[in-house]
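Residues per chain, in single letters:
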Amino acid sequence: MEQLWRAAVIMADSRGVLLRLAGVFGRRIEAMRGAMAQAGERLGGAAWAEFVRRVQETVEDTLWSGYRYATLGLEAVPQLARPKTPRGNALHRLATMASGAASGFVGLPGVLFDIPFTTTTILRSIAQVARDCGEDLAEEETRRACLQVLAFGGPDTADDDAETGYWVTRLGVNHLTVNLLINNAASRLGITLSEKFLAQAVPVAGAFTGAALNYAFTSYYQNMARVHFSLRQAERRTGEPAAVQACFQDMVRLARERRRVTRRPGRGAVKYLPRAAG
């Protein structure tokens with residue numbers, strides 16, 4: 001129950017401080033999209049559509065070939081050396097942050113390196129969480145579950161829609177083939193990365209933007225992986241997926257209410273943890 005409560009808190013707090021940076025750079029994204037659309041009368045919006053298509057193709061190619069490399073060596077870690085609960089890997093966040101800074105420093109040409117590197121690193125983080133939750137990385141079902149995390153979309157989802165979006169997307173992609181899952185994940189992640197790269201398109205000045213957004217997106221997918229695989233672990237342990245979902249939804253509501261209480265002005269920090277979830 002404690003692990004399920006931690007997952008509920010993550011879901012309730014799914015838009016952290018760094019994730020809100022995406023909104024800060026929204027105007028730059030719109031300005032760059034407008035510039036691409038106005039590049040010529042013949043192009044219209046075709047320039048943006050072509051850019052998104054190319055990003056999606058790169059992500060799809062990476063997902064097809066990247067799972068084996070993303071999971072390389074993870075299973076070799078002895079069981080005793082593995083954490084008792086899944087946790088985010090700070091090295092992965094720092095690695096994608098460095099990649100984002102480097103690609104942002106040179107502008108759009110840096111995308112050619114950043115897309116496959118960031119995608120593979122995020123996928124490795126997801127796979128590591130899966131392993132820590134007792135998944136067998138050699139199984140096809142685990143590969144599907146890792147790809148499902150990427151299909152959940154980006155961190156621009158509203159707080160109150162995050163939980164609903166998770167269950168709807170999970171239900172929608174649950175029975176897809178690996179081929180369709182990769183197409184679905186590449187489509188969603190491709191759009192997210194396209195807008196991120198537009199925000200960091202200005203050389204040199206884009207270095208900070210690229211670093212901050214890469215860190216934020218990596219953190220988001222790490223957190224969604226912790227939620228996803230914690231739920232799968234609870235479902236395997238209890239054998240009652242419907243009961244796990246109902247319990248988790250109650251916990252998310254409680255965690256969200258706790259967050260609202262602690263943020264009310266003049267009330268001070270009120271902290272509590274439900275006994276049933278401890």
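Preceding this paragraph is the structure being described.
Computed from a predicted structure; not experimentally measured. (Residues numbered from 1 in each chain as written. Predicted model: local features only at pLDDT ≥ 70, side-chain atom pairs only at ≥ 80, totals over all residues. Heavy atoms only, no water.)

Let's shift gears to the overall build of the protein chain. When helices and strands are counted, the protein chain shows 11 helices and 0 strands. Counting across all 278 residues of the protein chain, residues that qualify as buried make up 49%. Relative to all contacts within the protein chain whose residues are 6 or more apart in sequence, the contacts with residues 24 or more apart total 83%. Total accessible area computed for the protein chain in this model is approximately 13500 Å², and 58% of it derives from carbon and sulfur atoms. (Helix = DSSP H or I, 4+ residues; strand = E, 2+ residues; numbered from the N terminus. Buried < 20%, exposed > 50% of the residue type's maximum accessible area, 1.4 Å probe, protein only. Contact = heavy atoms within 4.5 Å. Areas by Shrake-Rupley, 256 points an atom, 1.4 Å probe, with all protein chains shown as cover.)

Further remarks concern the packing of aromatic side chains. Under the defined criterion, the tally for this structure stands at 2 aromatic pairs. When the centroid spacing of 5.5 Å and the interplanar angle of 15° are considered together, the rings of F113 and F117 count as stacked. Placement of both F113 and F117 in helix α6 (residues 111-132) is noted, with a separation of 4 residues, approximately one turn of the helix. Seen in terms of ring centroids, Y220 and Y221 are 5.2 Å apart; in terms of plane orientation they differ by 75°. Their pairing is edge-to-face. Of the two residues, Y220 and Y221, neither departs from the other in class, the shared state being buried. (Phe/Tyr/Trp six-rings, centres within 6.5 Å; stacked < 30°, edge-to-face > 60°.)

Okay, the packing of α6 against helix α10 (residues 206-238) next. Between α6 and α10, the shortest axis-to-axis distance is 9 Å and the interhelical angle comes to 30°. When the axis of α6 is compared with that of α10, the two are roughly parallel. In this structure, α6 meets α10 at a crossing whose hand is right-handed. Note on element contacts: α10 touches α6 through N214, T218, Y221, Q222, A225, R226 and F229, opposite D114, T118, I122, S125, I126, V129 and A130. Grouping the constituent residues of the contact of α6 with α10 by class yields 7 nonpolar, 5 polar and 2 charged. (Axes fitted to C-alpha atoms, helices over the stretch in contact; angles between N-to-C directions. Parallel < 35°, antiparallel > 145°, perpendicular 65-115°, else oblique. Left-handed = near helix turned anticlockwise from the far one by under 90°. Nonpolar A, V, L, I, M, F, W, Y, C, P; charged D, E, K, R; others polar.)

Another point: the environment of F152. Along the chain, the position of F152 falls in the loop between α7 (140-150) and α8 (159-173). Spatially, the C-alpha atoms of F152 and A185 are 7.9 Å apart, while their sequence positions differ by 33 residues. Each residue touching F152, except ones within four places of it in the same chain, is listed here: Y166, T169, R170, Y220, M224 and H228.

Counted under the stated rule, the structure contains 8 salt bridges. Residue R131 is joined to D132 by a salt bridge in which the shortest nitrogen-to-oxygen separation is 2.8 Å. You'll find R131 and D132 in the same group, each marked buried. A salt bridge links D250 to R253; the shortest N-O distance between them is 2.3 Å. Here the residue D250 and the residue R253 both occupy positions in helix α11 (residues 241-262), the gap between them amounting to 3 residues, near one helical turn. What makes D250 partly exposed here is its relative accessible area of 45%. Via salt bridges that share partners, E135, E141, R144, R232 and R236 belong to a single interconnected network. (Salt bridge = Lys/Arg side-chain N within 4 Å of Asp/Glu carboxyl O.)

Turning to the nonpolar core, a few remarks are in order. Across soluble globular proteins, nonpolar side chains show a tendency to be buried alongside one another. Counting 56 residues, the largest nonpolar core has I126, L150, F229 and F248 as the members making the most contacts within it. Listing elements by their share of this core, those giving two or more residues are α1 (2-12), α4 (46-70), α6, α7, α8, α9 (178-199), α10 and α11. Residues in contact with I126, not counting those within four places in the same chain, are C146, V149, L150, Y221, A225 and F229. (Core = buried A, V, L, I, M, F, W, Y, C linked by side-chain atoms within 4.5 Å.)

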